[in-house]
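Listed here are the chains, written in short residue letters.
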Amino acid sequence: MSKAAIENPVINSPFAEPARHFLTTDTGEVTAEITAGRRISDYLIPIPQPKKRAAQGVLPGIGPDRFAREETRLVNELRDEVGRWRRAGHEGVTPITRFLLDYWTNPDRERKLFFCQIEALETAIFITEVARKYGKGWIDDRLRAANDSSNPGLPRIALKMATGSGKTVVMAMLIAWQVLNKLAAPQDARFTDAFLIVTPGITIRDRLRVLLPNDPDNYYRKLDVLPAEQLEQLGRAKIVITNYHAFKPREKQSAAPLAKSILARGEASPF
């Protein structure tokens, strides 16, 4: 495959699952050749040249411009499961979740949501409400195992989306889904009505005020994440938006640098 200029890079509708994609080279560069189907999730691992070239020789086709392509199997398998569940009609969810999915995917919506936004919510819903119920417990088991191997005690799930694809709207949808279900079933541990949103800085913190239901420009109303009758219920949620600097230790007493050094004795500052 040879690289070429791509006159029109948009070959799919943003409101439907991708049906074709551009092929890429072994180095990850996009070509002008189009093939049917959705691109699988994978990543490239650089293969360095051997250090002792004279003694070992150089393997054919292996060098600094060569990469090994590694499939992200869990992502692709989960994407397939969510796709089958979508085509089957989103079975196995709560009445609240069913209402929200129907509302967000309504073809007559004036402000349609992107496919990637819908799929992000579908994935979170499938993992939370559906997978184990329909014999797909391996998904939760593998996610827990991955978390335990990297950051035990703080399980996390990431929804990866491109810049400009509407991640803040997805956050609003996640909050709405969780809160409305929690209010409908307070004892259901799968849902919550309390959220801590941590940002990398105060600029983004301020931008995310649109996630507060009482904000004049909140996304729930402005982008039609929820109909008017549900907005009042959402106001019962507890949402805190802060930047990570708020968690950094701060000295409460002043002291000379030498005094701090002596008292600390190489440990954390006693101030």
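Here, the structure is the one placed above.
Residues numbered from 1 in each chain as written. Predicted model: local features only at pLDDT ≥ 70, side-chain atom pairs only at ≥ 80, totals over all residues. Heavy atoms only, no water.

(A) Here's a closer look at a nonpolar patch on the surface. The grouping of Leu196, Val198, Val240, Tyr244 and Phe247 at the surface amounts to a nonpolar patch, some 500 Å² of accessible area in total. Its relative accessible area of 53% is what places Phe247 among the exposed residues. (Patch = residues over 30% accessible without salt bridge, like charges linked within 9 Å, V, L, I, M, F, W, Y side chains within 5 Å. Areas by Shrake-Rupley, 256 points an atom, 1.4 Å probe, with all protein chains shown as cover. Salt bridge = Lys/Arg side-chain N within 4 Å of Asp/Glu carboxyl O. Buried < 20%, exposed > 50% of the residue type's maximum accessible area, 1.4 Å probe, protein only.)

(B) Structural detail: helix α2 (residues 73-87). Between the first and last C-alpha of α2 there are 21 Å, a value that for 15 residues agrees with the 21 Å anticipated at 1.5 Å per step. Where α2 is concerned, the buried positions are Asn76, Leu78, Glu81, Val82, Gly83, Trp85 and Arg86. (Helix = DSSP H or I, 4+ residues; strand = E, 2+ residues; numbered from the N terminus. Expected span 1.5 Å × (residues − 1).)

(C) Molecular detail of the environment of Gln233. By secondary structure assignment, the location of Gln233 is in helix α9 (residues 228-234). Residue classification places Gln233 among the partly exposed residues on the basis of a relative accessible area of 32%. Along the primary structure Gln233 and Gly89 are separated by 144 residues, whereas in three dimensions their C-alpha atoms are 27 Å apart. Residue contacts for Gln233: discarding those within four places in its chain leaves Val179, Leu180 and Leu183. (Contact = heavy atoms within 4.5 Å.)

(D) Examining unusual backbone geometry more closely. One non-glycine residue, His90, adopts positive backbone phi at about 55°. Among the structural elements, His90 can be located in the loop between α2 and α3 (95-104). Note on His90: relative accessible area 8%, which makes it buried.

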